[in-house]
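# A closer look at the structure
These are the residues of each chain, in order.
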Amino acid sequence: MLVQNNEYICAIQAFIHSALGSSPPKAALLSPVHPFDSYHFLPTPTVFVQPTEKLIDTRGYSFTSQGPAKVDNIDNILEDPNLLWIEDKEIDEDRIKDAQERIAKQGANIALFWRNKYINEAGKYWHTFYKRNLDHFYKNRHYLHIVFPELAPENCQSPTTLLEVGCGVGNAVIPLLDINPNLTVHAIDFASSAIEILTKNQYAIDNRLYPSVCDVVNNEIPVEDHSMSYILCMFVLSAIAPVSQPMVIKKLMKKLKPGGKLFIRDYGRYDEAQLRFNKGSKIDDNFYVRCDGTCAYYFEINELKLLMESQGLQSEECSYILRQYANRSQKIARRRVWIHGKFVNTGNQQD
Ligand SMILES: C[S@@+](CC[C@H](N)C(=O)[O-])C[C@H]1O[C@@H](n2cnc3c(N)ncnc32)[C@H](O)[C@@H]1O
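What this report covers is the structure whose coordinates are included nearby. (Residues numbered from 1 in each chain as written. Predicted model: local features only at pLDDT ≥ 70, side-chain atom pairs only at ≥ 80, totals over all residues.)

## As for the sheet that holds strand β11 (residues 287-289)
Using the following cut-off: Between any two strands, pairing holds if DSSP finds at least two bridges. In DSSP terms, a helix is any run of H or I states spanning at least four residues, a strand is any run of E spanning at least two, and both are numbered starting from the N terminus. Axis definition: a line fit to C-alpha positions, over the contact stretch in the case of helices; interaxial angles, taken between N-to-C directions, run 0 to 180 degrees.
Taken in spatial order, the three strands line up as β10-β11-β12 in an open sheet, and their pairing is antiparallel. The sheet is open, and its two borders are formed by β10 (282-284) and β12 (295-297), each paired with just one other strand. The average angle at which neighbouring strand axes cross in this sheet is 30 degrees, direction not considered. In terms of strand pairing, β11 meets β12 through three bridges, oriented antiparallel. Across the sheet, residue Y288 finds its bridge partner in β12, namely A296.

## Considerations on the environment of Q314
Put simply, the test is: Whether a residue is buried, exposed or partly exposed is read from the other C-beta atoms within 10 Å of its own C-beta, which are placed from the backbone; 20 or more gives buried, 12 or fewer gives exposed, and intermediate counts give partly exposed. By definition, residue pairs are in contact when their C-beta atoms, positioned from the backbone, come within 7 Å.
Tracing the chain through its elements places Q314 in strand β13 (residues 313-327). We classify Q314 as partly exposed; it has 14 C-beta atoms within 10 Å. Counting along the chain gives 32 residues from Q314 to T346, while the straight-line C-alpha distance between them is 6.7 Å. Once residues lying within four places of it in the same chain are set aside, the contact partners of Q314 are F343, V344 and T346.

## With respect to the site of the ligand
Basically, it comes down to this: All residues are tested the same way: a C-beta atom is placed from the backbone, and lying within 6 Å of a molecule or strand makes the residue near it. Residues are grouped as follows: nonpolar covers Ala, Val, Leu, Ile, Met, Phe, Trp, Tyr, Cys and Pro; charged covers Asp, Glu, Lys and Arg; every other residue, Gly included, is treated as polar.
Near the ligand, the surroundings consist of 21 residues, among which W126, G166, G168, M234 and A239 are the closest. Looking at the shell around the ligand, the elements that each hand over two or more residues are α5 (122-133) and β6 (183-189). Classifying every residue of the shell around the ligand gives 16 nonpolar, three polar and two charged.

## Observations regarding the nonpolar core
The line we're drawing: What we call a nonpolar core is a set of buried Ala, Val, Leu, Ile, Met, Phe, Trp, Tyr and Cys residues whose membership is set by joining through C-beta atoms within 7 Å.
Ranked by internal contacts, the top residues of the largest apolar core, which has 68 residues, are V173, I231, C233 and L262. What I231 contacts, discounting residues up to four positions off in sequence, is L163, V165, L252, K255, L256 and L262. The next biggest cluster of nonpolar side chains, apart from the first, holds five residues, and it includes I77, I86, A326 and A333.

## A closer look at the pairing of strand β8 (residues 228-234)
The criterion, for reference: Orienting the strands away from the viewer, one traces the path from the first strand over the helix to the second; a clockwise path indicates a right-handed crossover.
Counting buried residues along β8, seven of its seven residues qualify, which places the element largely inside the surrounding structure. Where strand β5 (residues 160-165) and β8 come together, four bridges link them in parallel fashion. Residue pairing in the sheet places V165 in a bridge with C233 of β8. Handedness of the crossover is the feature at issue here: the chain leaves β8, passes through helix α10 (residues 245-255), returns alongside strand β9 (residues 256-267), and the resulting connection is right-handed.

Now the structure itself:
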């Protein structure tokens, strides 16, 4: 029922965007919860094992540190009622064609008035998001030291500095602080409602975590230049308008020590969440506004690589994460696409 109501509200929002063009929205017409929000941010399930360890379950399927690995004899997750997710195959031409047809049906970009509003007032929408959801929305991300082993305690033998951009309420950095005693984290977000929650965390009281309100597009980043060993961007670059992304990467690059690394996980091109946007949601190519006013860009890996390299970062890892999840009640396989990247400051940047 809730979903139906939200879909109805989303439809009204889409109608306003397309029919009225430049009239400002009534706040009440913006859905408090996007119908696909919980789907959008489906947490990555985690099994705690050592990075190199492989487990075999009773049915002979192998598991990696993040859950079931490739299941060679299954094309569709619905074929096995016991699986939570499987690795998906590479995106082929048929899938691209199908995705592009679905994108074409999303219609024209929203009017300029709305585009500017969602981009310029992004902080306000995220602030409202955390006021509404507090720290109940995202699950803690317990897998980061596995997918970015540089952050694992055994690889941080001396004090290590990490900047997290778009930290929200700390779902990424708190698990890292829990396991890595050598880590000190500077965590920034432009949503003051999120930072207010994070500031009350014991790690902030103990001076291992320094949360601050900062809009990475419009403000100075409050850490010294070339002082960070690592920078973490978890689903934040996608929230920033593509036009501002190069400038943001440049600013981040300046904060990295020579040899320091930027870690990123974010939404990938043709993710099912991208394909499910309705008319009246598209701001620009591959850039959308959700019903709660927050934005999401869907990255293509070569484009991400170029973005990083254009700002002087060298690509060490840059790939898609392709998975199928089962929605058993609706009998559909959901095909998720994320990007994973690791980029190094080679120390050659011109200031
Ligand atoms: C999808 S959430 C991810 C939160 C967190 N990184 C995680 O993975 O749980 C995106 C976050 O980026 C923040 N954000 C978006 N644009 C930002 C900007 N220009 N400056 C600082 N934070 C921003 C939002 O407030 C939000 O907390």
